[in-house]
Amino acid sequence: MPGDYITNYLLSLGNVLPKETLNEFYREFGLNLPLYEQYILYIKNIFAGEWGYSYQYSLPVLPLILNKLFWTLIILLPSTILGIFFGMVTGAYSGWKSGSKQDLTTFNIMIMIRAVPDYWWAIVAVYLFSYYLKLFPIGGYTGINILYSGIGVIDVLYHAFLPVCVLILSITAGNYYMMRNSMLSVVEEDYITTARAKGLPENYILWRHAMKNTILPIVTIATLQFASIITGSIFVETVFSWPGLGLLTTEALRARDLPLLEGIFLLDTLLVIIANLVADLLYPLLDPRIRTGADE
Amino acid sequence: MSRKKLFWFSCLIFFAYVAVAVFAPLIAPYDPYTVSGPPLRQPDSMHPLGTNATGQDILSQLIFGTRITLIIGLGAALISCSISVSLGILTGYYGGAFDGIVMRGIDIFMTIPLFPLLLVLTLFFTPGIFLVAILMGVLGSTHSVRVFRSQVMGIRNASFIEGARAIGSRDMRIMSHHILPNLIPIVTVRFVSSVLHYILLGVGLSFLGLGDPMVIDWGQMIEQAYSSGGFALGLWWWLIPPGLAVVGLSLALAHLGYSSEEFYNPRLEKNRY
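So, how was this worked out
Residues numbered from 1 in each chain as written. Chains lettered and ligands numbered in written order. Predicted model: local features only at pLDDT ≥ 70, side-chain atom pairs only at ≥ 80, totals over all residues. Helix = DSSP H or I, 4+ residues; strand = E, 2+ residues; numbered from the N terminus. Rg over C-alpha atoms; globule rule 2.2 N^0.38 Å. Contact = placed C-beta atoms within 7 Å. Buried ≥ 20, exposed ≤ 12 C-beta atoms within 10 Å, placed from the backbone. Axes fitted to C-alpha atoms, helices over the stretch in contact; angles between N-to-C directions. Left-handed = near helix turned anticlockwise from the far one by under 90°. Nonpolar A, V, L, I, M, F, W, Y, C, P; charged D, E, K, R; others polar. Parallel < 35°, antiparallel > 145°, perpendicular 65-115°, else oblique. Expected span 1.5 Å × (residues − 1).

Novice: Describe the overall build of chain A, listing the residues and the values that go with them.
Specialist: A tally of regular secondary structure across chain A gives 13 helices and zero strands. When the elements of chain A are put in sequence order from the N terminus, they spell out α-α-α-α-α-α-α-α-α-α-α-α-α. Its C-alpha radius of gyration of 24 Å places chain A more than 25% over the 19 Å reference for a compact globule of 296 residues. Along the first, second and third principal axes, the C-alpha atoms of chain A reach 85 × 60 × 40 Å. The contacts in chain A between residues at least 6 apart in sequence include a share of 70% that link residues at least 24 apart.

See the structure below:
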């Protein structure tokens with residue numbers, strides 16, 4: 001189902017849209033200009049803070065996105081932090097004890113978690129916990145009582161619980177695999193043998209010696225995960241009807257609302273660039289060997 | 001279950017899926033695109049998985065969906081691997097300015113978030129299944145180029161390559177007959193994992209309503225069941241089967257991937273009992 005907003009929606013209102021209305025629409029959104037002029041206009045406006053107008057909401061794109069960003073962060077921030085943490089701890093332990101019974105069990109469980117797409121985990125979670133067991137709400141961000149008492153923090157957290165759990169599951173599995181690989185190469189290093197020879201306790205070597213060195217490659221990936229706000233939550237938000245950027249993206253896709261999509265993806269790209277920069281700046285803090293030049 | 005048994009078991013499952021895809025017209029009881037009964041029928045002897053909201057047989061849709069899903073996954077992986085292998089060999093073997101230009105291009109390309117770009121492009125073009133496979137393959141190929149390139153750089157100056165050059169082999173022949181065979185293990189591992197990746201991506205795209213409306217795949221089945229009442233009415237036979245089909249295929253491919261990685265890289269297995 002390709003097509004732009006007008007052919008998709010306005011014309012479906014009975015095919016009787018007068019020509020003048022169509023032309024007026026094209027003129028207002030600048031769609032009658034040649035493509036390169038549209039592009040120059042777009043770039044100019046971006047730098048002026050004008051990210052365009054959404055077709056379906058008739059609202060400026062930027063405030064719309066920033067408003068939804070807040071809701072996405074509510075579920076994404078805790079799940080990314082916890083997911084990275086769980087993934088690192090289990091991955092480090094698994095790599096440290098590689099070949100043991102615990103390692104194999106965790107490894108196979110993680111393969112399974114990772115092989116199942118997150119939208120399927122989300123659907124299963126809704127089906128099981130909301131539909132059959134009725135422990136959690138089926139979707140949305142607040143109950144009906146919002147009409148009398150306003151948005152309650154507890155109520156929102158209650159609605160956020162399942163989406164957060166599903167996100168934690170998929171983020172943990174991704175980090176686990178990388179952390180385990182990273183640990184597998186560190187375990188064979190000489191300084192680990194030296195530490196063992198000194199008679200240090202195993203746990204001390206694992207968390208103080210090995211962990212410090214395995215963490216480096218993870219930093220880049222972890223910062224990039226913070227940036228993948230849209231990709232990370234688009235499916236989960238859609239299944240849970242959570243009113244964040246992911247759901248906004250799905251709605252914009254279905255309505256062919258291009259200005260809104262452009263705005264969302266521009267934000268995503270900016271976040272990726274910022275995250276790369278942050279990772280580069282974090283590196284010398286974690287690894288003194290990279291600190292060069294200015295300090296000396 | 002030991003890894004070896006798991007490997008053969010996954011192989012079996014994967015080829016079962018392939019067989020279902022190939023022989024779909026023989027297995028499926030109905031034509032999945034025509035109405036074959038009253039809508040929203042519960043499972044019975046006529047329709048083992050019931051019918052959907054328009055009265056199409058769900059089991060037949062599931063069987064034909066295997067075809068589409070596998071075409072998208074295998075096609076995209078094939079395209080992506082051929083692009084990345086040839087670029088990897090060329091840049092790794094020749095090096096120099098050519099290598100520099102291609103690598104900087106890939107660096108720039110890799111800062112663009114892939115999934116959003118894919119969404120916009122499928123939205124922009126008419127999303128036929130082959131076009132979706134090509135788009136995914138081309139966009140996803142950049143990630144593996146670096147891996148293959150570094151492998152090639154490692155063997156570029158090996159003595160057997162030097163020997164081949166000494167007896168007067170041309171560059172094309174060295175690349176295709178001496179370097180490529182050495183890449184086969186890592187290419188196999190990459191191929192299996194990218195088939196898995198692209199299948200999940202393709203199903204995900206259809207789930208978001210970006211699938212080809214002319215054909216039925218599992219993502220669209222899940223989407224339809226989810227959005228047109230199958231979920232709210234508790235019609236599990238509509239929603240669960242396509243999901244389980246995805247999960248089964250993806251688990252088999254995941255185990256194939258990890259097993260082949262260990263097969264070619266025994267160091268990963270060293271610490272195992």
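Moving on from the model shown.
Novice: Talk me through the overall build of chain B; I want residue IDs and the actual numbers.
Specialist: Per the secondary structure count, chain B includes 11 helices and zero strands. For chain B, the N- to C-terminal ordering of α and β elements is α-α-α-α-α-α-α-α-α-α-α. Seen through its C-alpha atoms, chain B measures out along the principal axes to roughly 75 × 50 × 35 Å. Residue burial in chain B is summarised as follows: out of 273 residues, 41% are buried.

Novice: Break down the packing of helix H7 (residues 142-155) of chain B against helix H9 (residues 171-207) of chain B for me, with residues and values.
Specialist: Residue and element names in this part refer to chain B. Two elements in contact, H7 and H9, have axes separated by 10 Å at closest approach and are oriented at 150°. Considering only the axes of H7 and H9, their crossing is right-handed. Residues Ser144, Val147, Phe148, Gln151, Val152 and Ile155 of H7 touch H9, and the partners they reach there are Ile179, Asn182, Leu183, Ile186 and Arg190.

Novice: Give a description of the environment of Val124 of chain A that names residues and reports values.
Specialist: Here Val124 of chain A lies in helix H6 (residues 118-132). A C-alpha to C-alpha distance of 40 Å links Val124 of chain A and Leu286 of chain A, two positions 162 residues apart in sequence.

Novice: Which residues make up the interface of chain A and chain B, and what are the values?
Specialist: Facing the 28 residues of chain A at the interface are 29 residues of chain B. Every element with two or more residues in the side of chain A that touches chain B is listed here: helix H5 (101-115), H6, helix H11 (229-240), helix H12 (245-255) and helix H13 (258-286) of chain A. The greatest single-element share of the side of chain A that touches chain B, amounting to six residues, is contributed by H13 of chain A. Tallied by class, the residues present in the side of chain A that touches chain B amount to 18 nonpolar, six polar and four charged.

Novice: Outline the packing of helix H10 (residues 218-227) of chain B against helix H11 (residues 236-264) of chain B, supporting the account with residue identities and numerical values.
Specialist: Residue and element names in this part refer to chain B. Orientation of H10 relative to H11, taken along the N-to-C sense of each, is 150°, at an axis distance of 9 Å. In this view, H10 runs roughly antiparallel relative to H11, as classed from their interaxial angle. Relative to H11, the crossing made by H10 is left-handed. Contact with H10, carried on its side by Trp218, Met221, Ile222, Ala225 and Tyr226, involves Trp238, Leu239, Pro242, Gly243, Ala245 and Val246 of H11 and no other residues of that element. The class makeup of the residues in the contact of H10 with H11 is 10 nonpolar, one polar and no charged.

Novice: Describe in detail helix H4 (residues 96-111) of chain B, supporting the description with residues and values.
Specialist: Taking 1.5 Å of rise per residue, 16 residues should cover 22 Å, and H4 of chain B covers 23 Å from first to last C-alpha, within 8% of that figure. Where burial is concerned, little of H4 of chain B is hidden: zero out of the 16 residues are buried.

Novice: Account for H6 of chain A, naming residues and giving values.
Specialist: All names here are of chain A. With 15 residues, H6 ought to run about 21 Å at 1.5 Å a step, and its terminal C-alpha atoms sit 20 Å apart, in line with that. Along H6, the positions that sit buried rather than exposed are Asp118, Tyr119, Trp120, Trp121, Ala122, Ile123, Ala125 and Val126. Directly after H6, the chain includes Lys134, whose backbone phi takes a positive value near 55°.

Novice: Give a detailed account of unusual backbone geometry, specifying residues and quantitative values.
Specialist: All names here are of chain A. A positive phi is found at Ser58, a non-glycine position, where the angle reads about 55°. Topologically, Ser58 is positioned in the loop between helix H3 (35-47) and helix H4 (61-96). Classification of Ser58 by C-beta neighbours within 10 Å gives exposed; the count is 7. Here the phi dihedral of Lys134 falls at roughly 55°; this positive angle occurs in a residue that is not glycine. Tracing the chain through its elements places Lys134 in the loop between H6 and helix H7 (146-149). Judged by the 9 C-beta atoms lying within 10 Å of it, Lys134 is exposed.

Note that all results are geometric; they support no functional claim without further evidence.
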